[in-house]
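Results of the structural survey
What follows is the residue order along each chain.
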Amino acid sequence: MSAVLFDVPGPRARIRHRLYAVIGTAAVVGVIGFVVYRFWVTGQFSAEKWSWPQYEFVQLQLLSALGNTLRAFAFGALFALLFGAIFAAGQLSDHKIIRVPSMLIVELFRAIPLVVMIFMFHYGLSLGAPVYSVVVALTLYNGSVLAEVFRAGVLSLPRGQSEAAYAVGMRKSQVMRLVLLPQAVRAMLPAIISQLVVLLKDSALGFLITYEELLNEAQRIGRAFEFGRPLVPVTIVVGAIYIAMCLLLTWLATYLEKRNRRDKKVIELEKKPAEDVIAAAV
Amino acid sequence: MDVLLDNLDLYGPGFLNTVELFLISAVGSLVLGTLLAMLRVAPVPMLRATGTAYVTLIRNTPLTLVFFFFTFAFPLLEIVTPASFGSAAAYYRNAALAALILYTAAFVCEVVRSGINTVPVGQAEASRALGLTFGQMLASVVLPQAGRAVVPPMMSTMIALLKNTTIAAGFSVFQAGSISLNLSDRGESQLIGLLWIALFFVVLVTPMTLLQRSLEKRWSIAR
């Protein structure tokens, strides 16, 4: 196997690579060992600091916090997809009156940091319960990004698709609704799901306006003196929950992509914009 | 306008701190991200696995959680204590920088790696067949081509980093995101205060986005 940067290794290179592997392993083991040592010295492994998961009320609180995170995610994702579809169609409109405002709105919401938007809705406009501000801000930001994704997807479809649809007598809205958008969504599925992963992670910003989601709960448990202030263990557990949820979503994306490829109903795009969008999803 | 002019003592340092946080963490994450990308394309499986593990873990963790860890949990490990930075504010600032750098580096790494992967293997094989050394191949064949694929998405990553600096508002670091919280103490309208902050970001981000798009368009034809 020959990669871009490196040729197939010969006998001397193999020895050198083995040396690198040994050095690398030593470095990784060293770092992990140091962290474990610090954990041990500062008593992060003590039974007291890990006693909190045994209590039923803590488990229930954690579950309800997880439910709140998932609720913000579910509503945010649903509305963002809708927002994205509507504004993608708006950006592709033939009428300047619709196209220009759609583009401006999408650009605007992509440029404003999510934190500033959340503050604006929560403190500036006093939307009430934090969940509303979080969902609205998540919708506007991720919806704008998704609008760009949908638009790129529609533009990358072969022109024959819309020409054929017009030829059989469809109207503009029918072409978009029945022919272009469904294909664009299938083609851009990996990019869409990776944006949903971003949305799920960004729901943690609700922490800043005291929305009772996972991170907020982590802080509450972490500060509890009766468990010996287990901030480090709680952060690790909550981090693991987030990583598991995001990986599940990512696996869903790869599974759907594989199934799509087997179905062969996806049209080969003329250019592949999906990978850039995925790489840039921060 | 009054809100901005009356509180220039908040806005000035706030915006400056944001730019400073951005510049330091941009340099830091570019360096660390490139090192990680080197690990991820290394011919040694063990080094590749290390890079992959780091990227997978960090990419799937919310930045807010990384901030949370460095601000609240990390001092408990007593590797460095807030006292060693002189003041709590100095510690929080460095915690924010650490969070931003470690998080963004994972994305920088992915951008660099996918850029290198866009170069066809034949290009490298041809340059090896011509007898170019590794350094020559990298400098005159691979990197010029990879650069075209790297720069536009890298700019998106940096734009995201600039916006992400505002998360520090929740973790006791004074910058643009926390201006509005201080405004409310002065009894000013938060909404107007926040609109000025939003405008600041629109003014900074829009030229970067436009430049990124024109680069993307210009360079995509050349391939």
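What counts as what
- Residues numbered from 1 in each chain as written.
- Chains lettered and ligands numbered in written order.
- Predicted model: local features only at pLDDT ≥ 70, side-chain atom pairs only at ≥ 80, totals over all residues.
- Heavy atoms only, no water.
- Helix = DSSP H or I, 4+ residues; strand = E, 2+ residues; numbered from the N terminus.
- Buried < 20%, exposed > 50% of the residue type's maximum accessible area, 1.4 Å probe, protein only.
- Areas by Shrake-Rupley, 256 points an atom, 1.4 Å probe, with all protein chains shown as cover.
- Contact = heavy atoms within 4.5 Å.
- Buried area = accessible area lost by both parts, 1.4 Å probe.
- Salt bridge = Lys/Arg side-chain N within 4 Å of Asp/Glu carboxyl O.
- Phe/Tyr/Trp six-rings, centres within 6.5 Å; stacked < 30°, edge-to-face > 60°.
- Lys NZ or Arg CZ within 6 Å of the ring centre and 35° of its normal.
- Arc of directions from axis to C-beta.
- pLDDT = per-residue confidence, 0-100.
- Axes fitted to C-alpha atoms, helices over the stretch in contact; angles between N-to-C directions.
- Parallel < 35°, antiparallel > 145°, perpendicular 65-115°, else oblique.
- Left-handed = near helix turned anticlockwise from the far one by under 90°.

This paragraph deals with the overall build of chain B. Along the backbone of chain B there are nine helices and zero strands. Listing every helix and strand of chain B by position from the N terminus yields α-α-α-α-α-α-α-α-α. Considered along the principal axes of its C-alpha atoms, chain B spans approximately 70 × 45 × 25 Å. Buried positions account for 49% of the 223 residues belonging to chain B. Of the accessible surface of chain B, which amounts to about 9,500 Å², a share of 69% is contributed by carbon and sulfur atoms.

Moving on, we get to the environment of Arg229 of chain A. Tracing the chain through its elements places Arg229 of chain A in the loop between α9 (214-222) and α10 (231-263). Assessed through its relative accessible area of 28%, Arg229 of chain A is described here as partly exposed. Residues Arg229 of chain A and Gly84 of chain A, spaced 145 residues apart in sequence, show a C-alpha to C-alpha distance of 43 Å. Beyond its immediate stretch of four places on either side in the chain, Arg229 of chain A contacts Lys49, Gly222, Arg223 and Ala224 of chain A together with Leu76 of chain B.

Attention shifts here to unusual backbone geometry. Residue and element names in this part refer to chain A. Backbone geometry places Thr210, a non-glycine residue, at a positive phi of 55°. With respect to the element layout, Thr210 can be found in the loop between α8 (189-202) and α9. Classification of Thr210 by relative accessible area gives exposed; the value is 55%.

Counting from both sides, the interface comprises 59 residues of chain A and, opposite them, 63 residues of chain B. With both sides pooled, the region where chain A packs onto chain B buries about 5,200 Å², and carbon together with sulfur makes up 74% of that total. The tally of links between chain A and chain B comes to one salt bridge. A salt bridge links Arg213 of chain B to Glu107 of chain A; the shortest N-O distance between them is 2.8 Å. Those elements that provide at least two residues to the side of chain A that touches chain B are α1 (11-41), α3 (96-111), α4 (114-124), α5 (130-155), α8, α9, α10 and α11 (274-280) of chain A. At 10 residues, α10 of chain A tops the list of elements feeding residues into the side of chain A that touches chain B.

Moving on to the packing of aromatic side chains. Applying the stated criterion across every chain yields a total of 18 aromatic pairs over all chains. Between Phe15 of chain B and Phe200 of chain B the ring centres are 3.7 Å apart and the planes differ by 15°, which places this aromatic pair in the stacked class. Here the residue Phe15 of chain B occupies a position in helix α2 (residues 8-40), and Phe200 of chain B occupies one in helix α9 (residues 190-222), the gap between them amounting to 185 residues. Of the two residues, Phe15 of chain B and Phe200 of chain B, neither departs from the other in class, the shared state being buried. Here the aromatic rings of Phe200 of chain B and Phe201 of chain B are separated by 5.2 Å at their centres, their planes lie at 75°, and the arrangement is edge-to-face. Following the ring pairs from residue to residue traces out a cluster consisting of Phe207 of chain A together with Phe67, Phe68, Phe72 and Phe171 of chain B. Above the ring of Phe72 of chain B, the side-chain terminus of Arg223 of chain A is found at 4.9 Å from the ring centroid.

The residue Gln212 of chain B is located in helix α9 in this model. If near-sequence neighbours (up to four positions away) are discounted, Gln212 of chain B is found in contact with Pro152, Met155 and Ser156 of chain B.

In an α-helix, one full turn covers 3.6 residues, which means residues spaced three or four apart are oriented alike. All names here are of chain B. Residues of helix α6 (residues 121-129) that are buried include every one of Ala124, Ser127 and Arg128, and no others. Each buried residue of α6 lies within a common arc of 100° when the element is viewed along its axis, so the set occupies one face. Against α7 (134-164) lie the buried residues of α6. Taken from the residues just after α6, Gly131 is the one with a positive phi, measuring 90°.

Here we come to the confidence of the model for chain A. Low pLDDT means the predicted atomic positions in that stretch should not be read closely. Here chain A averages 85 in pLDDT, while 91% of its residues score no lower than 70. For the stretch residues 274-279 of chain A, pLDDT sits under 50, and the model shows 11 contacts to residues farther than four places along the chain or on other chains.

Attention now goes to the packing of helix α2 (residues 56-91) of chain A against α8 of chain A. All names here are of chain A. Where α2 meets α8, the closest approach of the two axes is 9 Å, and the angle between their N-to-C directions is 140°. When the axis of α2 is compared with that of α8, the two are oblique. At the point where α2 passes α8, the crossing takes the right-handed sense. In contact with Thr69, Phe73, Gly76, Ala77, Ala80 and Leu81 of α2, α8 contributes Ile192, Leu196, Leu199 and Leu200.

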